[in-house]
Amino acid sequence: MNQNPGILGKKIGMTQLFAPNGEVVRCTVVQAGAVVIGKRTQEKDGYDALILGLGERKEKHTNKPLAGQYKKSNQTPKRLVRELRLSAEEVAKYELGEKVGVDKVFEEGQFVDAQAKTRGRGFTGVMRRWNFAGFVSTHGTHEYFRHGGS
């Protein structure tokens, strides 16, 4: 079980920064702005955790039980909701409705682990899935324009 603090975010894109010595540093731009929408405690739930929400969700797309939970915590519905298990001391640092900022969780120069979900490609061909160029359409090619190589 992970006991390290973390954040929720959405990948915006990639960029590059130039270090003082002239090196190019590749960077991923992540929009982070998760809000604490609930807490789990040892006394009530048997473990300690923060419930974080990210992004806005329309009221009409939220079912009634979830809408009631958001109303109880005075929050608007969130698009993405995740639980982060933490120690009791870490959970006590945050209040309901508080934004979990990157500056509160990480230090400058600290290495972080990132997890993400990729879009499924299913049974697509190699051109869409791995950006293959495709084969030439001359010199007797027949039915193999969008296939892989040899």
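In this text the structure is predicted, and so the values were computed from the model without any measurement. (Residues numbered from 1 in each chain as written. Predicted model: local features only at pLDDT ≥ 70, side-chain atom pairs only at ≥ 80, totals over all residues. Heavy atoms only, no water.)

### Focus on the overall build of the chain
Part 1 of the reasoning: Summing up its helical and strand segments, the chain has 5 helices and 6 strands in all.
Part 2 of the reasoning: Moving toward the C terminus, one meets the helices and strands of the chain in the order β-β-β-α-β-α-β-α-β-α-α.
Part 3 of the reasoning: Against the 2.2 N^0.38 benchmark of 15 Å for 150 residues, the chain shows a C-alpha radius of gyration of 23 Å, more extended than a compact globule.
Part 4 of the reasoning: For the chain, the spread of C-alpha atoms along the principal axes amounts to about 75 × 50 × 30 Å.
Part 5 of the reasoning: For the chain, the proportion of its 150 residues judged to be buried stands at 21%.
Part 6 of the reasoning: For the chain, the exposed area adds up to about 12,400 Å²; of that, 51% sits on carbon and sulfur atoms.
Part 7 of the reasoning: Of the charged side chains in the chain, 25 are positive and 16 negative; the average position of the first set lies 13 Å away from that of the second. (Helix = DSSP H or I, 4+ residues; strand = E, 2+ residues; numbered from the N terminus. Rg over C-alpha atoms; globule rule 2.2 N^0.38 Å. Buried < 20%, exposed > 50% of the residue type's maximum accessible area, 1.4 Å probe, protein only. Areas by Shrake-Rupley, 256 points an atom, 1.4 Å probe, with all protein chains shown as cover. Lys, Arg positive; Asp, Glu negative; His and termini not counted. Charge placed at Lys NZ, Arg CZ, Asp CG, Glu CD.)

### A word on unusual backbone geometry
Part 1 of the reasoning: Positive phi values are uncommon outside glycine, yet N131 reaches one of about 60 degrees.
Part 2 of the reasoning: Within the secondary structure, N131 sits in the segment after α5 (126-130).
Part 3 of the reasoning: In this structure N131 comes out as exposed when scored by relative accessible area, which is 67%.
Part 4 of the reasoning: Of note in the backbone geometry, E143 takes a positive phi value of approximately 70 degrees without being a glycine.
Part 5 of the reasoning: The topology assignment puts E143 in the segment after α5.
Part 6 of the reasoning: E143 sits in the exposed class, given a relative accessible area of 55%.

### Things to note about the sheet that holds strand β4 (residues 49-56)
Part 1 of the reasoning: Reading across the sheet, the 4 strands line up as β5-β4-β3-β6 and stay open at both edges, with antiparallel pairing between neighbours. This sheet does not close on itself; its edge strands, each paired only once, are β5 (78-85) and β6 (99-100). (Pairing = 2+ DSSP bridges.)

### Concerning the confidence of the model for the chain
Part 1 of the reasoning: The share of residues in the chain with pLDDT of 70 or more is 99%, and the mean pLDDT across the chain is 88.
Part 2 of the reasoning: Mean pLDDT across the elements of the chain ranges from a minimum in helix α4 (residues 102-105), with 86, to a maximum in helix α1 (residues 42-45), with 94. (pLDDT = per-residue confidence, 0-100.)

### Things to note about the pattern of salt bridges
Part 1 of the reasoning: One pass over the structure, following the stated rule, counts 4 salt bridges.
Part 2 of the reasoning: For E83, the salt bridge is made with R40, and the minimal N-O distance between the two is 2.9 Å. Within this pair, whereas E83 is found in strand β5, its partner R40 is found in strand β3 (residues 34-40), the two being separated by 43 residues in sequence.
Part 3 of the reasoning: Relative accessible area serves as the criterion here: at 36%, E83 is assigned to the partly exposed category. (Salt bridge = Lys/Arg side-chain N within 4 Å of Asp/Glu carboxyl O.)

### Points about the environment of N21
Part 1 of the reasoning: Its location among the elements puts N21 in the loop between β1 (9-18) and β2 (24-32).
Part 2 of the reasoning: Here N21 falls in the exposed class, since its relative accessible area comes to 59%.
Part 3 of the reasoning: A polar side-chain atom of N21 sits 3.2 Å from the main-chain amide nitrogen of E23. (Polar contact = N/O pair within 3.5 Å; in protein donor to acceptor, adjacent residues only side chain to side chain.)

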